[in-house]
Amino acid sequence: MGAWADVDPRDGWVRVGPVSVDGFPSMPSAVLSRPDGAVLAGRPALEAGAVDPSAALLRTRPHLAASTGGPPELLTRWPRPTTAVDVATALIAKVVRAEAARRGTLPSAVVLLHPASWTAAAREALRAAGLAALGAIPYTSPDQLELLDSPRAAAHRLGGQGRLLVVDVGGAATELAVVDRAGDGTASVAAVRTVNVGAEVLDDALAQLVLDRASPALAARVRFGGDLEAHRAWYRLRAGVREGKETLAAQGSVSVALPVLPPESPVPGAVGLTHADLGAMLAPGLEEIAQGITGLVGTLTGPRPAMLVRGGLTEMPRVREWLAERTGFGLAHGGDPGAVSAFGPASGAAAWAAERLGLGRP
């Protein structure tokens, strides 16, 4: 997800909006390494992965953090050598080029978001990826690059002052961060903790549930076949679950298409999932998140913070309310859907950069 901030010539105020990539307001963090050495990013990578699933990464951010602390590590699960920095560079370059094409000019600044819990080595790897992406574009400068942690960006989007607890249910894990917001618009992270509960594990569990409800022959072939077609079928099923999960969270039900497996595949069908299916799987994870919140804030002194709960899974009915009731922290977003949306941190980072550049009316 990317966001832009620009001055509206009609009134001089700064406006913020999503960066459109491949015709969509968001871009999947998928990357694929082709045999010719090219690295695809976003939806083209997601689509190419259906043919070559072992060369695709569906969620890339954890790999950048895990592959730092020394020389650039190879992503050894791939059949072709591609470093974690190369992966991040491909994603960053795609977003920057899409925004430059929309504007007709290069942006004045590029802000890259990262978890507050990332080590210095991981942040420097992200910076290296950003510099590599900018270095491939004429007339750009390293001075245009900034890094900002996601909790401060989310807090900036929300606005206000005082202490804020940001609960970000991400793909690989959930990050809990306490942000202290000053009256001048600056902020600092007072404490941070990671809970190993994320959407990626849930994707696997939901995909397995779909197979449980499919024909035994199809389920056995996908789970135990071990051949290329079985791997491709699992990839397509996993991608379908990942894409349908947001619809499931927002609307209460979704139909997930079953993969076609040649040559003996049954007639293609679909399996329905409901909130009840998702809720049963979420319950243990939510309890773990609640315990993490209590443990993190219990180490701090001072006023009790309000809580901003965000991430795609938190769009399910009563997830935010359950966490508030379980922990005793009031919800901070005040009914503002933008503050808790996937677009929230990106838009906050764009507004943060605009303020640093002194754009718009004072």
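Residues numbered from 1 in each chain as written. Predicted model: local features only at pLDDT ≥ 70, side-chain atom pairs only at ≥ 80, totals over all residues. Heavy atoms only, no water.

- If you look the protein chain up in an unreviewed UniProt entry, it shows as Hsp70 protein from Actinomycetospora straminea.

### Overview of the sheet that holds strand 4 (residues 39–41)
Within a sheet, adjacent strands bond to each other through the backbone by hydrogen bonds, running parallel or antiparallel.
Turning to step 1, where the next piece is worked out: With antiparallel pairing, the three strands of this open sheet are ordered in space as 4-3-5. Each end of this open sheet is capped by a strand with a single partner; those strands are strand 4 and strand 5 (56–57).
Turning to step 2, where the next piece is worked out: For strand 3 (residues 31–33) and strand 5, the ladder comprises two bridges, and the chain directions are antiparallel. By the bridge assignment for strand 5, leucine 32 is matched with alanine 56.
Turning to step 3, where the next piece is worked out: Packing against the sheet, helix 3 (residues 84–103) makes contact with strand 3, strand 4 and strand 5, and its axis sits at approximately 50 degrees to strand 4. (Pairing = 2+ DSSP bridges. Helix = DSSP H or I, 4+ residues; strand = E, 2+ residues; numbered from the N terminus. Contact = heavy atoms within 4.5 Å. Axes fitted to C-alpha atoms, helices over the stretch in contact; angles between N-to-C directions.)

### A closer look at helix 8 (residues 228–251)
Turning to step 1, where the next piece is worked out: Under the 1.5 Å per step criterion, the end-to-end length of helix 8 is 34 Å for 24 residues, consistent within 8% with the ideal 34 Å.
Turning to step 2, where the next piece is worked out: The axis of helix 8 is deflected most strongly, by about 35 degrees, at glycine 244.
Turning to step 3, where the next piece is worked out: One side-chain oxygen of the residue at the start of helix 8 lies 3.1 Å from the amide nitrogen of glutamate 229, identifying that residue as aspartate 227. (Expected span 1.5 Å × (residues − 1). Bend = angle between axes of the 7 residues up to and from the residue. Polar contact = N/O pair within 3.5 Å; in protein donor to acceptor, adjacent residues only side chain to side chain.)

### Quick notes on unusual backbone geometry
Turning to step 1, where the next piece is worked out: Positive phi, close to 55 degrees, is recorded for aspartate 22, a residue that is not glycine.
Turning to step 2, where the next piece is worked out: Among the secondary structure elements, aspartate 22 is positioned in the loop between strand 2 (14–18) and strand 3.
Turning to step 3, where the next piece is worked out: At tyrosine 139, a position not held by glycine, the phi torsion is positive, near 70 degrees.
Turning to step 4, where the next piece is worked out: With respect to the helices and strands, tyrosine 139 occurs in the loop between helix 4 (120–135) and strand 7 (145–149).
Turning to step 5, where the next piece is worked out: With a relative accessible area of 82%, tyrosine 139 lands in the exposed category. (Buried < 20%, exposed > 50% of the residue type's maximum accessible area, 1.4 Å probe, protein only.)

### Details of the pattern of salt bridges
Turning to step 1, where the next piece is worked out: Applying the stated criterion to the full structure yields 19 salt bridges.
Turning to step 2, where the next piece is worked out: Notably, a salt bridge pairs arginine 238 with aspartate 203, separated by 3.5 Å at the nearest N-O pair. Remark: aspartate 203 occurs in helix 6 (residues 199–213) and arginine 238 occurs in helix 8; sequence separation between them is 35 residues. Each member of the pair, arginine 238 as well as aspartate 203, carries the same accessibility label: buried. (Salt bridge = Lys/Arg side-chain N within 4 Å of Asp/Glu carboxyl O.)

### Thoughts on the sheet that holds strand 10 (residues 187–195)
Turning to step 1, where the next piece is worked out: Taken in spatial order, the four strands of this open sheet run 10-9-8-13, and their pairing is mixed. Of all the strands in the sheet, just strand 10 and strand 13 (306–310) have a single pairing partner and so form its edges. The mean angle between the axes of side-by-side strands here comes to 20 degrees, regardless of whether they run parallel or antiparallel.
Turning to step 2, where the next piece is worked out: Bridge count for strand 9 (residues 174–181) against strand 10 is eight bridges, and the pairing is antiparallel. Bridge pairing links alanine 177 to valine 192 in strand 10.

### Some words on the packing of helix 3 against helix 4
Turning to step 1, where the next piece is worked out: At a minimum axis separation of 8 Å, helix 3 and helix 4 run at an interaxial angle of 50 degrees. With respect to their mutual orientation, helix 3 and helix 4 come out oblique. Two packed elements cross with a definite hand, and for helix 3 against helix 4 that hand is right-handed. From helix 3, Val85, Ala88, Thr89, Ile92, Ala93 and Val96 reach across to helix 4, where they touch Ala125, Leu126, Ala128, Ala129, Gly130, Ala132, Ala133 and Leu134. (Parallel < 35°, antiparallel > 145°, perpendicular 65-115°, else oblique. Left-handed = near helix turned anticlockwise from the far one by under 90°.)

### A look at a nonpolar patch on the surface
Turning to step 1, where the next piece is worked out: On the surface, Val7, Leu357 and Leu359 cluster together into a nonpolar patch covering about 210 Å² of accessible area.
Turning to step 2, where the next piece is worked out: Along the chain, valine 7 turns up in strand 1 (residues 3–7).
Turning to step 3, where the next piece is worked out: The class of valine 7 is partly exposed, set by a relative accessible area of 32%. (Patch = residues over 30% accessible without salt bridge, like charges linked within 9 Å, V, L, I, M, F, W, Y side chains within 5 Å. Areas by Shrake-Rupley, 256 points an atom, 1.4 Å probe, with all protein chains shown as cover.)

### Quick look at the pairing of strand 9
Turning to step 1, where the next piece is worked out: For strand 9, the tally of buried residues reaches seven of eight residues, placing the bulk of the element in the interior.
Turning to step 2, where the next piece is worked out: Adjacent in sequence and paired antiparallel, strand 8 (residues 162–169) and strand 9 are bridged by four residues.
Turning to step 3, where the next piece is worked out: The antiparallel hairpin formed by strand 9 and strand 10 contains five residues in its connecting segment, where glycine 185 sits at a positive phi of about 90 degrees.

### As for helix 6
Turning to step 1, where the next piece is worked out: If you check helix 6, its first and last C-alpha atoms are 21 Å apart, about what 15 residues at 1.5 Å a residue would give, namely 21 Å.
Turning to step 2, where the next piece is worked out: All of the buried residues in helix 6 are Ala199, Leu202, Asp203, Leu206, Ala207, Leu209, Val210 and Leu211.
Turning to step 3, where the next piece is worked out: Of the surrounding secondary structure, the elements contacted by the buried residues of helix 6 are helix 7 (216–224), helix 8, strand 11 (253–257), strand 12 (270–274) and helix 9 (275–297).

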